[in-house]
Structures are given as structure tokens and as C-alpha cells.
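# Reading the structure
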Number of protein chains: 2
Amino acid sequence: MTATHNEMANAIRFLSVDAVQKAKSGHPGMPMGMADVATVLFTKFLKFDPKAPHWRDRDRFVLSAGHGSMLMYSLLYLAGYDDVTMDDIKNFRQLGAKTAGHPEYGHVEGVETTTGPLGQGITTAVGMALAEKMQNAHFGDDMVDHYTYTIAGDGCLMEGISQEAISIAGHLKLSKMIVFWDDNSICIDGNTNLTLSDNQRQRFEASGWDTQQVDGHDPAAIEAAIVKAKKSGAPSLIACKTTIGYGAPTKAGTHDTHGAPLGDEEIKGMREGLGWRAEPFEIPDDILESWRSACARGSADRQNWESALKNADPKAREKFDALYSDQLPAGWMEALNAFKKKMSAEAPKLATRQASGKTLEVLTKNIPAMIGGSADLTGSVNTKTPSTASITNSDFTGRYIHYGVREHAMSAVMNGLSLHGGYIPYSGTFAVFANYMMGGIRLSALMEKRVIYVLTHDSIGLGEDGPTHQPVETLAMLRALPNFNTMRPCDVVETAECWALAVANTKTPTGMVLTRQGLPTLRTTYTDDNLSARGAYVLAEADGARKVTIMATGSEVSIAMDARAALQGDGIPTAVVSMPCWELFNDQDDAYKASVLGAEGGVRIGVEAAMRFGWDAYLGSNGDFVGMNSFGASAPAPELYKHFGITAENVVAKAKARV
Amino acid sequence: MTATHNEMANAIRFLSVDAVQKAKSGHPGMPMGMADVATVLFTKFLKFDPKAPHWRDRDRFVLSAGHGSMLMYSLLYLAGYDDVTMDDIKNFRQLGAKTAGHPEYGHVEGVETTTGPLGQGITTAVGMALAEKMQNAHFGDDMVDHYTYTIAGDGCLMEGISQEAISIAGHLKLSKMIVFWDDNSICIDGNTNLTLSDNQRQRFEASGWDTQQVDGHDPAAIEAAIVKAKKSGAPSLIACKTTIGYGAPTKAGTHDTHGAPLGDEEIKGMREGLGWRAEPFEIPDDILESWRSACARGSADRQNWESALKNADPKAREKFDALYSDQLPAGWMEALNAFKKKMSAEAPKLATRQASGKTLEVLTKNIPAMIGGSADLTGSVNTKTPSTASITNSDFTGRYIHYGVREHAMSAVMNGLSLHGGYIPYSGTFAVFANYMMGGIRLSALMEKRVIYVLTHDSIGLGEDGPTHQPVETLAMLRALPNFNTMRPCDVVETAECWALAVANTKTPTGMVLTRQGLPTLRTTYTDDNLSARGAYVLAEADGARKVTIMATGSEVSIAMDARAALQGDGIPTAVVSMPCWELFNDQDDAYKASVLGAEGGVRIGVEAAMRFGWDAYLGSNGDFVGMNSFGASAPAPELYKHFGITAENVVAKAKARV
């Protein structure tokens, strides 16, 4: 009655090829090649319960080679996740289906992260494995003790981000991270030897990984390798020699199986060759039963874990539950408001990166889930606080990650920390290096994860480092991204408000765009209200019937205030609007927007030390802009502001020209 | 009379610390640590002539660790480049100075590429070394025979892009590429062991590099290592054990020397310790003389090379000169126009990626400088033509590079090919992966290099691959970048026109944003004029006094035409404007812009399967937009267009609501 390994693996193969064939689109070769490895992993090792997909102590499985999504969906169906039915398999890649072209987090239970952009999965898995180490260090083996498994292809390993992942995982000795490399020697253009000569095992070993090589179609060898890898004190690579499109009579081992349906004739031959008698989308009862019973084994583990949790120290349990709660701990907002009040009164001159550092002192003290870090710019981005000790590979109780000069990995590792659960990751680098992390930032937004990017040195205001380091296009790049809040506060009070919004927003990642240079405190009248919550607001109303509205963000708001003083002095009633977050402002109703921007046809001047791109949405029919229209230059910041004409005088002149 | 090695190296050290001190800003530690290596390289090995910085057969030197820019400027001054005077050194990091905060290509002779964003330099150097191999294969040792040297720091080697560089350089066996790793164990946050445990030599060896380790303060050992590296059949890494801030009495070997001036006291102690008696910004005559005479040795080499070139086969010489000319070969435009004419007549239904492939067949046949490639998506991005055979590590005569799944390296390698001279690189991947290459794309724009990015699968029109692969924000991201032309042609004729602009524009890189799905030919009336050259133009004027203007790009132009037909049918005179390149349109005069966009206050509808961000600049006071306001989804393309409401019906409805 019990099916053989081959029958069980072939169930994956036929679900995959039949679904791709029906969709007329997809990648069958990879699921066919890795079916044996996946079968061994899911039926014998992976600690999970398909009936409780959110069990905190489950092993995580990440399909980094996300184009092989039918491997994922086949596994979910065969393992018995209620969320994936045979109809879902039949609807592969159709509108509204759970079985999207690439595995998408949030669309279907059991998919731990969105993959497809290569290299993201293996790096996100580093974040998950790190989260496990950190929680294990706090709560012990009874509460937290799980592995993170990843399947990566040649494409993942060619992407630079994978090196950052390998390097940091090796440094941190993430021993519960196990990567299967689908070593099939085929990429889309043909044989990998067209472009690749790396000795991958040697490469991983150079970063301190344990490595093994197995025949990826030999279940006993795969099993032995996993047993060994689990015992390792380092992260493990298992290089699996496989045949892409395994089982296809004429196309196996070729790139023809990579990204296109096999065709009816080839599938027919495959049925014959592998002795598979079932019709498309039918899995013989004994094979399905074998899958389901094998994958039900985790249920008892899960129940034991739940019992152990009940019997655990109540304080530890409370802490553990608090980490996983969407509710932030009581008192955080009060503490932050007290800080805001103090700053309003003291009105210091502070760079917003420093203001952010002070805000983080308050937040990290009150919110244990916050995990900080930086890409080797800790002193510059002000992300480390007294509450966040550094994590090392011998002590994971800290809350600060030295990501190294690995911005792209930093973004994906933060995604992994958030996806694992229990953490609100934030980390910093210079704003211009958002360029290096856009792959990860985009997935934070797409997956709706609370990941916070601290992006300092946000304009020509950084001065001497020059145009390579001066972001002029970065604000537009981030603002154009759906489901991402780009915050650019003008002083310490707004900085605190923006942080409050960022940590409370569970479904939208945030970019905190901050200055290097000092800024005056403009919000000197304290209010409990978070004025930044509506994205833009009137910071200083016109004295008299408003004729001019100056809109600005961040460091340019104080320039706007100076311009307002001059215009008022000349009898021109002028309001200043601070716009720390366009995205939140865009969500307000028309009446509020009109009250902020002033009447249509009124003079509106936008001021921002960045490209105009995007600003026209607010300038109306009688507007102008003061900002950048080229890359920056290397010089002290005050000279650059003059050189590029971002001055109160220039704002005044442009306003007067239109009044 | 001849100065010692130590004196010559100390000249670099003191110029560096004094300039940083005067600027009150900069990174002294790295020039101090690598002064010995740089002195040996420049005075004994580097083939160059400071009096002829554009000599084609010079060795290339790339300071990948660009923050150590004072090393570069010190070398240029000491070697005798006329472009760098002592006043320039004194003006380090000041407005308008050649000696910018980071080395900037085009600002000063002798800087081969802009560096600062870590990892770019080493990867750009791969492009230069590859260019040498390719030209050497065509023209032989007498005309082309030079090395590419790079200094990289720990930061460069932590960036993922460096792995892509190492991997492809190893695969291609770029034996004339030599990298010095400044192995000083210090990063900005502190000791590199905070975050790094890699065995770098083993890592390079895994990609087929030769590696050596030397004491970076032992000139004899450095010399021996370079001699050996030059003989290698593989690219070479020389790991140089150095002390950051070498010579600083209390700060040497610490991260205090990394990114801040040393302070007067420390510099005073350094003068005493190293026995340096000259005042700041004074180099003793004998030391300067020794530098100048050592670096004059290349003059004879250069003259010999010029003589050899004169005596070379005239046909080869002509070909060689043609590569380096800013003028494209005669006849290319005529050939392209003939193609345009043929397409206008045949009016095929073609995806613009296929249209691009056909255009490239014409262009690559006529322009030998064009070097194609793809990041493992050759069949999808249509970049390979009959004229572009694949380059392999045993045959560099081809013109097509299989970059592998290494998008970021692809961008930087293309920068290197362009900077080396002789090439117009173009290469393709999916548009969404512009995210992975923004670091390199930004430098193409900043350096004003003719690098062409083929970016296909440019919207939800790619269908089933889903939101991970559907760029909705990418157009805005590229359009916000200064000095970058984002082209999104609507049919095969516009595609040919956009390519003509891209290859002829020597100072601005281009993104060719192209569809996966088939599009009708709309430009069926042939004209020699390149209508796309003005960025936007009236594709179909209104029949009657214009009431509505529909503006669209790429695949949405045909939707605009359908909407126009419906509106005209309902008696509403409607024009369609095709906007293949916003940047070029923005450069037109107001009269032309008005003639295209119609009168202010007229109904204008923008249509693009992307975010609205940026469109408001064209919509005027009575405009609306049909496009995306979220990420996409996985489904067949026609269903997605309906689902997201990007249809002629919707355009018509929005226009009517405003007429």
C-alpha cells in the first residue's frame, strides 16, 4: 500500500509538467530535476504541520529558484495543505489563482517568502536562520529549534547577492541553514559552461560552510547528506547533481525544459518512460496517501511543542508571544511623545540622522522586537542604541547586526527576519545605496512587510563626498514604488513622528530619508497629534489671505521658512507646507488636500534638493520648483546649496515672478 | 640624488594626509596603507605616459576603493600629469576642483573610471580587461597589449557585485587583470572580524584566479608578486597585508584613520616618525624628480607603439581607428532607414523586443564597435544577431558576451568596455531587473558613457510571470535619473528610431524599454525623419478642432489609437501623442511642446501600464491617467489589461468625463 520513493517523486514531476502544459507557460525542468531531493526533505526531514502552517517552530523552506514554482505548489498539495487544491494546481498562472507564476508570500499558505528575482530567496533564508538563532538564544531549544532549508539554482548562485548571503551566513555560523544547490549545469542560454566556471563547493568553503556533494536522484544519498548537514556547526551546502527535466524522454538534461512547456508528445513519452499511468491532475490514491501520511508526522511534534510552551516559564512565554503580536508593547507611544515634547521645548539643531538615533534610543528601549543594523556605517547612520548590543557568532542575544558592506543582502535579510516572525528589522546605509538594495526593497513592498530602511546623507547636503554619494533621483525611485512609505522629516519632532508611523505600520515598509547636516527644530509647539500622519500639513499658515504656498521636505523646509519670512516681509501672505510623506498625503481626502495645498491657481513652489520628477502632481497650474536638475558635485554643503540655487532667495524670486 | 622607495611612498602619504586635513574631510588611512604598493606599481610596472593620458595601449589603473581618492590624486601629481597641480591637491574636495571627493571620470585626466560606490571599480576593470582581450584578438600584440590593475578594499570584496566580477573574469580567463587587495582588516565599523570571516584567496581560487599574498609594505615582495602575476594565464589577486594609516603614530591600524582627518598633532608625530622634513604641500625636489623620471619611462614605449601603428597594415589601422572614432561608420543610417521603410510597408505585428532584435541585425552588421550581450536571457531579449558571435575564453574575436545571471556586473562591465574605448556596449535583461543594476546604470549616466540597456518584458504585458517580474515603477526610476534616456517605443518603426538615437548619442546612456507581447505597426507612412528624436510627437492629429489629447508610450499607444477611433466616432476630435522618450521631449522649446500637448486646459489623458508617478508634468489642469496604481498579478496578459482597467474603453470614459 505504501508508495515507493520514485512514485512519490514522480507525483511532483507529473503535477508540474501537466500544470505547465495546461497553463502553456512556466518552468517544468527544475521541479522535475529536484523532485527527488524535495521528496526526501518533505517526507523525512522538514518539521512542519500542513494543518498549522503558522506554527512558530516549524522548519522554514525557501524555494530560491522561484521559477520552479510548480515544485512548491506540488509539494503543498501533496503534503496536504488545505490551501492548495487540485483546482488550484489546474489554475496555475491564471488570474486570481493562488498558484501564481512565482511563489508569492501571502497568496498561499506554506510559501514562506516571495521568490523569482534570483538570489533573493537564499538571502532571505539567511534572515530566517538568523532569526531562529536569536530567538533560540533568548528562549531555548524547547521553544525555538528549527532549520531553514533552501533550494537554490545556478542563477541564484551567480547573482552577487548570494555571495553576500554566503559570506554573512558563514561569518555568523548559521549552523541550522541548509542549502541544496540544484547542480544541473543548465541555464536559460544553454549549458552553464557558457558563462560559469566556479568551483561552488570551494567558494562556500571559503566562507566557512560545510559542503557535500550527492547524486540528486539517489534518495539514500540525499537522506544521508541531510543527516550529516543537520549535525554541522556551520551552515551547509549540499550540491545535488541533477538532470534538469529528469524523465523527459528527449529533452531531459537540456535547456529546452527550463522555461517552456514540454509539449504533449514529450509528456506522453515521459508517462511511458516513468511508468506513470494516472491521467493529468490525478494522483493515484496510494501515492497521495503515502505523501499525506508522511507529512502528517509533524502534527505530533507541533502538539508537543504547544504543550511545552504551555508549561514554559510564563514570563518567557509572555515575552515570546509579545514578539509575535502585531500590537506594540504598551507605553511606547507615551515614551515617544515625551521625547517629542522634550525636543519641542529644547529645539536643538540636529541632523535628522542624529534625531533618528535619539528616537531609536526611545523606541528600541520600549520595543524589544526591533532589531537594528547597518551596512558598515554604524557611526554615520546612527542606528545603534544602548538597547541594541551587537550580535556575534558566539552570542546571539544582542539586537544589532553588523551587516558589513552588503546592502543588498541587508535588505533581503531584513525581509527574512520579518517573515520569520518576531522581529521589526531596521537598518541603515547612505540613501544613494538604495540603488544597491532595490531588489530587496521591492520585495519588502510586494510582500507587505514591516521593514524599515534608514537612508541617511540624503542630498547634496552631504557635501564633499560628491555626486557618487549624493542621491538626486532616489526619492523619486522610492516614491514610485507601490506600498512603500518614503519619509523625509524636516526636524527632530517630525523624525520622531515618522518613526512612530513606521513601526506601527505592519503592512508597509518605510524609508527614513535623513540628512547628514544639522537642521533647526521647526516644530517648537508641542502637540500629541502626529502631524506627519497625514503626509503633509501646514507648518506655518500665511499671515493674511494666502497668496503663496511653499511645499518642501526635509532639509529644505527651513529654507522654505526663511523664504516665507522674506515674502511676508514684502507683504505677500505665504504658507509653508511640510510634506514628510507623499504617499500618506495622497491617501487623504480632497478637502484636506485642498486645505493644505491652497486653492488651484494659487502660487505654489516646491523645494527639494532632488530632481523635480514627481513634484508636478502638487504644483498645480501656477507652480514652480526649486531643486536639482543634474547630478551634484563635491564641495562643502553650504557652497553646494548656493551653487545649485537651492536658497530662500531663489524661492522668493520664483514666487514673486508668479504672484 | 635618487630618492628611496620609502621617500617616494611617503610623498603619497603626506600629500594625502595634508590634503584631507586641509579639506577637513576625506579618507587618509587607505592611501597611507597602500602607498608602497602604488609606488611600486606606478614607478616600475604601469605602462603609461602622463603626457599622453589617452594613449590607447596604456595600462589601465582603477582605484576601486574610491574613497581613497587622495592616493589617486597624489599619484597623478607625482607621476607628472599636467592636469593635476599642487593647487589642485590643496583644493581637494572644494567646489569646482578637479580633485573631487571621489575620483570622477571626465573631471581629471588619468582617472579611468568614477569610483566610490564600492565594488563598481573592480567590475568596471573586468570590462576594461575584456576590451583588451577582444581588441588584442583582432589587432595583435603590436597594437593592443596592456594590463588592467585594480586596488580593491574589503568593502569592494564584500559587495555582491565583486563576486559577479570575480566569477566572470575567472571564467573568461582575463589573464591581464591584476587586483591588489588592500588587506588591512579594518572597515568603518571597526575590525573586519565584526562581520567578515572569508578566506578571500580561496574564494578567488574557486573562480579560477591565481592568488598570492605579500607584505604590502615590502617593495621587493610587491615587485616579485607583480612580475609573477603578469605571467599568469589567469586573472591574479595579490593580497597585500597592510596597515591602514601606516605611519600615523597612535592611530595606525585603527578605523580612526579610515574616514576622518588625522588631526594636526597626529600628523606632526607622523612627520617625526617617518622623518619627513618638508612642509605641507611641498615635495622635496629629489623625491619629485625621482617620481617624474620614473614615470617618464612610458614615453618611449608610447612612441614606439605609435611608430608600430604607423607601420601596421593600413586596413587594420583603419579598423582600429574607426572603433575609436565618435563618428559611426558611413552607411549605418541609410541601412537603418531602409529597414524602417521596409517595416513601414510590411507593418508586421511584432513585440518591440523582436523589433529591437531585427533592428540590431542591421546595426551590428554596420557598426563593428557594437558589443552585445545578455544576462542569461538571450532568447528572450533578442540581443544576439548573426554579426555577433559569442565570446569564449579561448576565442575573443566574437562580439557577444554571455554575462550570466549577473545583471549588476553586466552594467559595470559595459561601463568598462565603453571607458576602455573602442566599443558601444549594449545588453539585455528583463526591465524589472534594472533594480539589480541601478548601481551601474547610475554610473553610466554620471560618467556620460554610451551604454545601452535593453530592458524587455516591460509591464504587466509579460503576463504569467507575475508581479515579481512586472515593472510598474521602473520607468519612473529611470526617468528620474539625470543624463539617462528612457526610450519606450510603440512599434517596430519607433524601435528603429530609438536605436538610432541611442547609438548616435555619445554622452548619454539609454534604456530601451521593450514589450514581451506583440504590437501592431502604427507608423505605416514612411519618413526619413526620426520622429522620436523630439521625444514625443503627434502620431494621429484630431479630425476636427482638437478636444482631447491622449498621450501614451510603448504598448499603450495602440490602446490610445483605439480610444481615439471611438472618440472620433462619437464626434470628439482626438489626437494621439506617442512619447517614446520624455527626456528628449523635455528638451524641446515651449512652442513645440504646446503643439504636441495641445492647449492648456484641454483634456489630456496619459496612458501607460506603469505607475502614474511623473505623468502629472504633462497632464495639465484638466488631465487624467490610465495605468497602474499597485503591483501587477500573474495571469495571461490580455486578462491583466482588463483586470487593471488599461483599456480603450476606460480611456474613452475618462476623456468623456472631462470634455
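Residues numbered from 1 in each chain as written. Chains lettered and ligands numbered in written order. Predicted model: local features only at pLDDT ≥ 70, side-chain atom pairs only at ≥ 80, totals over all residues. Heavy atoms only, no water.

Test applied: UniProt positions are given in the numbering used here, feature names are shortened, and annotations may be inferred rather than shown by experiment.
The name recorded for chain A in an unreviewed UniProt entry is Transketolase, from Varunaivibrio sulfuroxidans. In UniProt, chain A has this text filed under Catalytic activity (unreviewed entry): "D-sedoheptulose 7-phosphate + D-glyceraldehyde 3-phosphate = aldehydo-D-ribose 5-phosphate + D-xylulose 5-phosphate". UniProt annotates chain A under Subunit (unreviewed entry) with the comment "Homodimer."

### Digging into the domain arrangement of chain A
Residues and elements named next belong to chain A. The test is simple: Where each domain starts and ends comes from a domain assignment, either automatic or drawn from a database. Any two residues whose heavy atoms approach within 4.5 Å at even a single point are treated as in contact. Two parts placed together each lose some accessible area under a 1.4 Å probe, and the buried area is that loss summed for both. Salt bridge criterion: a side-chain nitrogen from Lys or Arg within 4 Å of a carboxyl oxygen from Asp or Glu. Counting of polar contacts relies on pairs of N or O atoms within 3.5 Å, with two restrictions inside protein: one atom must be capable of donating a hydrogen and the other of accepting it, and residues adjacent in sequence are counted only when both atoms are side-chain atoms.
For chain A, the assigned domains are domain 1 (5–303), domain 2 (332–520) and domain 3 (535–657). Each of domain 2 and domain 3 has a C-alpha centre, and these two points are 25 Å apart. On the domain 3 side, the residues contacting the 29 residues of domain 2 number 32 residues. For the pair domain 2 and domain 3, the two sides together bury roughly 2,300 Å², of which 59% comes from carbon and sulfur. At the junction of domain 2 with domain 3, the criterion picks out 2 salt bridges. In this structure, Glu556 and Arg488 form a salt bridge, with 2.7 Å as the shortest nitrogen-oxygen distance. The interface formed by domain 2 and domain 3 contains 14 residue pairs in polar contact (both at pLDDT 80 or more).

### Comments concerning the interface of chain B and chain A
The line we're drawing: Here a helix means four or more residues in a row that DSSP labels H or I, a strand means two or more in a row labelled E, and each is numbered from the N terminus.
The partner chain A presents 90 residues to the 90 residues of chain B that form the contact. The contact between chain B and chain A buries some 7,700 Å² in all, and 57% of this surface belongs to carbon and sulfur atoms. The largest share of the area that chain B buries against chain A comes from Tyr436, Arg442 and Phe613 of chain B, three residues that together contribute 10% of it. Between chain B and chain A we count 4 salt bridges in total. Measuring nitrogen to oxygen at the nearest pair gives 2.6 Å for the salt bridge that ties Arg442 of chain A to Glu473 of chain B. Scanning the region where chain B abuts chain A turns up 47 residue pairs in polar contact (both at pLDDT 80 or more). Top element by residues in the side of chain B that touches chain A is helix 18 (residues 434–447) of chain B. It accounts for 8 residues.

### Re the pattern of salt bridges
Two side chains with opposite charge may pair up if their charged atoms get near one another. Cut-off, in case you're wondering: The rule is simple: take the accessible area with a 1.4 Å probe, protein chains only, and divide by the maximum for that residue type; under 20% is buried, over 50% is exposed, in between is partly exposed.
Applying the stated criterion across every chain yields a total of 56 salt bridges over all chains. Ionic pairing is found between Lys654 of chain A and Asp624 of chain A, a salt bridge with its closest N-O pair at 3.8 Å. Residue Lys654 of chain A is located in helix 26 (residues 648–658), and its partner Asp624 of chain A is located in strand 20 (residues 623–628); the two are separated by 30 residues in the primary sequence. A relative accessible area of 17% places Asp624 of chain A in the buried class. With a shortest N-O distance of 2.6 Å, Lys176 of chain B and Asp145 of chain B are connected by a salt bridge. Here the residue Lys176 of chain B occupies a position in the loop between helix 7 (160–171) and strand 3 (177–183), and Asp145 of chain B occupies one in the loop between helix 5 (120–139) and strand 2 (148–152), the gap between them amounting to 31 residues. What makes Lys176 of chain B buried here is its relative accessible area of 14%. By relative accessible area, Asp145 of chain B is classed as partly exposed at 27%. Each member of the salt-bridge network shares a partner with another, and the members are Arg612, Asp616, Asp624, Lys654 and Arg658 of chain A.

### Remarks on the relation of the copies chain B and chain A
Applied cut-off: Superposing the copies works by least squares over the C-alpha atoms of residues that have pLDDT at least 70 in both of them.
Here chain B sits on chain A after a turn of 180° about the axis and a move of 0.0 Å along it, with an RMSD of 0.0 Å. Both copies of the chain, as the preceding transformation shows, are related through a two-fold rotation axis. Residues of chain B ranked by C-alpha distance from the rotation axis are headed by Gly160 of chain B, positioned 1.9 Å from it. Of the residues that chain B buries at the interface, 100% are likewise interface residues in chain A, meaning the two copies contact each other through the same surface.

### Comments concerning the packing of aromatic side chains
Two aromatic rings, taken as a pair, are described by how far apart their centres are and by the angle between their planes. All names here are of chain A. Filter applied, for reference: A pair of Phe, Tyr and Trp rings is counted when the ring centres sit within 6.5 Å of each other, with Trp represented by its six-membered ring. The angle between the planes then sorts it: under 30 degrees is stacked, over 60 is edge-to-face, the rest tilted.
On inspection of all chains with the given rule, the structure shows 47 aromatic pairs over all chains. On the numbers, 6.2 Å between centres and 20° between planes, the contact of Tyr149 with Phe180 is stacked. Taken together, the residues span a long stretch of sequence, with Tyr149 in strand 2 (residues 148–152) and Phe180 in strand 3 (residues 177–183) at a distance of 31 residues. There is no split in this pair, since Tyr149 and Phe180 are both buried.

### Comments concerning the pairing of strand 9 (residues 370–374) of chain B
Residues and elements named next belong to chain B. The condition that has to hold: Strands pair, by our definition, only if DSSP identifies at least two bridges between them.
Within strand 9, 5 of the 5 residues are buried, which leaves it mostly tucked inside the rest of the structure. Sheet topology note: the strand 9/strand 10 (residues 400–402) ladder contains 3 bridges and is parallel. Counted as the bridge partner of Ser374 is His402 from strand 10.

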